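In case you want the letters, here they are:
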Amino acid sequence: MSKLGGPKCKISVLNFKDTAMDKIYAEVLLLHGYTKAVIRLSQSMQNIMKQSKSKQSRVIWVDLTTLLLRCSQAIAMNDPQSANELIKQIKQHSSPDGDGVQRMAHIFAIGLEARLAGTGNELSLYVQPHSTREHVTNILKAYNLFIISNPFVRASYFFANHTILNAIEKASKVHIIHLGIGFCSFQWPHLMLALSKKEVKIMKLRITGIDNRQPSLRPIERVEEQGRRLQEYARNFGIPFEYSGIVAKWEEICIEDLNIEKDEMVIVNSMYRFKNIGAETDTNSPRNKVLDVIRRIKPHIFIQGTINESFSGLLFATRFKQILLHYSAMFDLLDSTVPPDDKVRHFIESKLWASDVFNLIACEESKLVENPETYKQWGLRNLRAGFEQMPIDRAIVKKIKKKVTNIYDKKFFIEEDKKWLLFGWKGRTMYTLSTWQVKEI
């Protein structure tokens with residue numbers, strides 16, 4: 001294992017206190033008052049819709065989506081004069097405080113302008129969030145709002161955790177390898193709580209949190225923090241627990257670094273972070289390398305959450321259209337579920353999503369931070385890598401559907417496609433879940 005600061009590093013858990021931050025973590029991790037919060041948010045939006053209907057005024061309607069597409073085509077055809085004129089029109093009719101389409105168009109226009117000027121890398125880095133204390137607080141608030149405004153994250157964690165609980169029913173030692181832990185240790189306190197209620201107690205739970213090295217995001221501190229929080233929750237729930245963290249490119253992970261013990265059941269878990277694996281080239285496939293690492297680990301279960309999009313290997317105009325379709329759905333989702341003056345919503349749109357949009361639009365493919373693939377692409381890739389797909393537990397899906405139907409907007413959907421679980425909004429599949437195991441030869 002290389003030393004801290006090298007291409008990959010193993011880290012210990014820090015032990016420090018921050019009472020204010022602890023309170024925010026507790027609210028997010030344990031989802032206090034979750035159902036009531038969803039209902040309150042829904043009622044707020046209903047009141048806003050009633051007020052907006054009573055205050056309707058004459059507004060000049062502009063098709064910003066068409067203007068954005070025309071601008072991307074002008075850039076693709078190397079027509080900067082037309083592109084700049086279209087950007088002026090888009091800026092004139094868009095706003096960071098308007099409706100969902102206007103907010104999206106405002107951010108997309110900045111990205112298109114940066115692509116024309118060749119300043120995409122600088123712009124993407126400028127808005128890239130840093131791991132300051134204030135930013136971490138905002139991230140937690142953003143996460144909390146996101147899981148309240150839609151069922152995708154919570155339903156994913158529920159599915160994954162219950163799949164794990166069913167798999168480890170008779171196991172005494174469990175080792176979860178979490179690829180892309182980031183700020184997403186939120187999944188595990190509920191698993192710990194469920195383990196603490198079992199009649200036959202687990203002898204040891206190990207979690208290895210792995211994150212990519214991203215200089216501007218201080219991944220070492222972030223992975224350390226997740227470990228410290230999980231240690232505290234394990235202690236509170238009386239779970240014998242061990243945590244270790246690794247910061248490295250996933251395709252460069254050495255199995256020896258994971259310290260897998262012979263008598264432990266191994267689970268590999270990744271929730272929607274495979275999109276951050278490096279871009280494919282003619283001679284290098286980081287995705288295949290990561291799958292090869294997982295195959296050699298030989299986990300009892302590999303749980304994979306994926307973003308159902310594909311932006312790589314496309315000409316700019318085609319890629320832009322796919323990006324536009326994806327973020328149209330995302331901005332519409334927030335516009336339909338969160339009040340327009342909500343400060344946390346503004347942070348999500350203008351900081352988190354804007355950073356991704358700028359990178360996707362203004363940077364060349366080799367510089368893209370996000371490289372998602374559709375679930376059907378991942379299915380073929382996983383099969384070629386030596387995995388076989390496991391059936392979905394219908395009982396778990398039934399519970400998820402019942403909860404979502406009871407408290408969320410009817411435009412959200414959860415469907416099954418053979419052995420895939422699909423989550424979406426207004427007919428567009430956005431997130432998918434599946435479980436895999438290594439195929440025996």
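Remember, it's a predicted structure, so these values are computed and weren't measured experimentally.

Asker: Quick question: what am I supposed to make of helix H11 (residues 286-297) here?
Answerer: In an α-helix, one turn spans 3.6 residues, which is why side chains three or four residues apart end up on the same side. For H11, with 12 residues, the first-to-last C-alpha span of 17 Å sits near the 16 Å given by 1.5 Å per residue. Within H11, the full set of buried residues consists of Pro286, Arg287, Val290, Leu291, Val293, Ile294 and Ile297. Down the axis of H11, the buried side of the element spans an arc of 155°, and every buried residue falls inside it. In the core, the buried residues of H11 are packed alongside strand S2 (173-179), strand S5 (265-271), strand S6 (301-307), helix H14 (375-384) and strand S7 (387-389).

Asker: I keep staring at the confidence of the model for the protein and nothing clicks. Help me out?
Answerer: The predicted coordinates ought not to be read in detail in places where the model reports low pLDDT. Averaged over the protein, the pLDDT score is 87; the fraction of residues at 70 or greater is 85%. Summarising per-element confidence for the protein, the mean pLDDT is lowest in strand S1 (residues 9-11) (42) and highest in S7 (98). Note on residues 1-16: pLDDT under 50 across the span, and 47 contacts to partners over four residues away in sequence or across chains.

Asker: Teacher, can you tell me more about the nonpolar core here?
Answerer: Nonpolar side chains in soluble globular proteins generally cluster together in the buried interior. Core analysis: the largest hydrophobic core is formed by 104 residues, its most contacted members being Phe108, Leu205 and Tyr327. Here this core gets 10 residues from one element, more than from any other, and that element is helix H12 (residues 316-337). When residues no more than four places from it in sequence are discounted, the contact partners of Phe108 are Leu68, Phe320, Ile323, Leu324, Tyr327, Val357 and Ile361. Judged by nonpolar contacts, the second largest core, of 26 residues, contains Leu179, Ile210, Val266 and Tyr375.

Asker: I'm lost on the side chain of Ser72 in this one. Help?
Answerer: For Ser72, the position within the fold is in helix H3 (residues 64-76). Since its relative accessible area comes to 1%, Ser72 is described here as buried. Reaching out from Ser72, the side chain makes a polar contact with the backbone oxygen of Leu69 at a distance of 2.7 Å. Beyond its immediate sequence surroundings of up to four residues, Ser72 is in contact with Leu112, Phe316 and Phe320.

Asker: Just to check I follow, could you spell out the pairing of strand S9 (residues 420-425) for this structure?
Answerer: Look at any regular strand and the pattern is simple: side chains alternate between the two faces of the sheet. Counted residue by residue, S9 has six buried out of six residues, so it is predominantly covered. Of the two faces of S9, both are covered, the one formed by Trp420, Leu422 and Gly424 as well as the one formed by Leu421, Phe423 and Trp425. Linking two consecutive strands that pair antiparallel, namely strand S8 (residues 412-417) and S9, is a turn of two residues; a positive phi of about 60° is found at Lys418 within it. Sheet topology places S9 next to strand S10 (residues 428-438); five bridges connect them, and they run antiparallel. Each residue of the ladder has a partner; that of Leu421, found in S10, is Leu433.

Asker: Teacher, can you tell me more about the packing of helix H8 (residues 152-167) against helix H15 (residues 394-407) here?
Answerer: The packing of two helices is summarised by the inter-axis angle and the distance between the axes. Between H8 and H15, the shortest axis-to-axis distance is 10 Å and the interhelical angle comes to 155°. For the element pair H8 / H15, the angle class is roughly antiparallel. As for how H8 packs across H15, the hand of that crossing is right-handed. Side by side, H8 and H15 meet where Arg154, Ala155, Phe158, Phe159, His162, Thr163 and Asn166 of the first sit next to Ile396, Lys399, Ile400 and Lys403 of the second. Taken together, the residues that form the contact of H8 with H15 break down as five nonpolar, three polar and three charged.

Asker: In this structure, what is going on with the pattern of salt bridges? I would like to understand it.
Answerer: When the charged atoms of two side chains lie near each other, side chains of opposite charge can form a pair. Counted by the stated rule, this structure contains 26 salt bridges. Between Glu349 and Arg103 there is a salt bridge, and its shortest N-O distance comes to 2.8 Å. Placement of Glu349 in helix H13 (residues 343-362) and of Arg103 in helix H5 (residues 100-117) is noted, with a sequence separation of 246 residues between them. Note on accessibility: Glu349 and Arg103 belong to one class, buried. Through salt bridges with shared partners, a single ionic network connects Lys204, Arg206, Glu242, Glu261 and Glu264.

Asker: Would you take a moment to explain the packing of aromatic side chains for this structure?
Answerer: Any pair of aromatic rings gets described here by the distance separating the centres and the angle formed by the planes. The full count for this structure, using the stated rule, is 19 aromatic pairs. With 4.1 Å between their ring centres and 25° between their planes, Tyr143 and Phe186 make a pair best called stacked. Residue Tyr143 is located in helix H7 (residues 133-149), and its partner Phe186 is located in the loop between S2 and helix H9 (188-196); the two are separated by 43 residues in the primary sequence. Looking at Phe186, the relative accessible area reads 3%, which means it is buried. Look at Phe316 and Phe320: their rings are 6.0 Å apart centre to centre, the planes differ by 50°, and that puts the pair in the tilted class. Remark: Phe320 and Phe316 occur in helix H12; sequence separation between them is four residues, near one turn of the helix. Just as Phe316 is buried, Phe320 falls in that class too. Over the ring of Phe316 we find Arg115; its NZ or CZ atom is 4.0 Å from the centre of that ring. Above the ring of Trp378, the side-chain terminus of Arg381 is found at 5.7 Å from the ring centroid.

Procedures and definitions
- Residues numbered from 1 in each chain as written.
- Predicted model: local features only at pLDDT ≥ 70, side-chain atom pairs only at ≥ 80, totals over all residues.
- Heavy atoms only, no water.
- Helix = DSSP H or I, 4+ residues; strand = E, 2+ residues; numbered from the N terminus.
- Expected span 1.5 Å × (residues − 1).
- Buried < 20%, exposed > 50% of the residue type's maximum accessible area, 1.4 Å probe, protein only.
- Arc of directions from axis to C-beta.
- Contact = heavy atoms within 4.5 Å.
- pLDDT = per-residue confidence, 0-100.
- Core = buried A, V, L, I, M, F, W, Y, C linked by side-chain atoms within 4.5 Å.
- Polar contact = N/O pair within 3.5 Å; in protein donor to acceptor, adjacent residues only side chain to side chain.
- Pairing = 2+ DSSP bridges.
- Axes fitted to C-alpha atoms, helices over the stretch in contact; angles between N-to-C directions.
- Parallel < 35°, antiparallel > 145°, perpendicular 65-115°, else oblique.
- Left-handed = near helix turned anticlockwise from the far one by under 90°.
- Nonpolar A, V, L, I, M, F, W, Y, C, P; charged D, E, K, R; others polar.
- Salt bridge = Lys/Arg side-chain N within 4 Å of Asp/Glu carboxyl O.
- Phe/Tyr/Trp six-rings, centres within 6.5 Å; stacked < 30°, edge-to-face > 60°.
- Lys NZ or Arg CZ within 6 Å of the ring centre and 35° of its normal.

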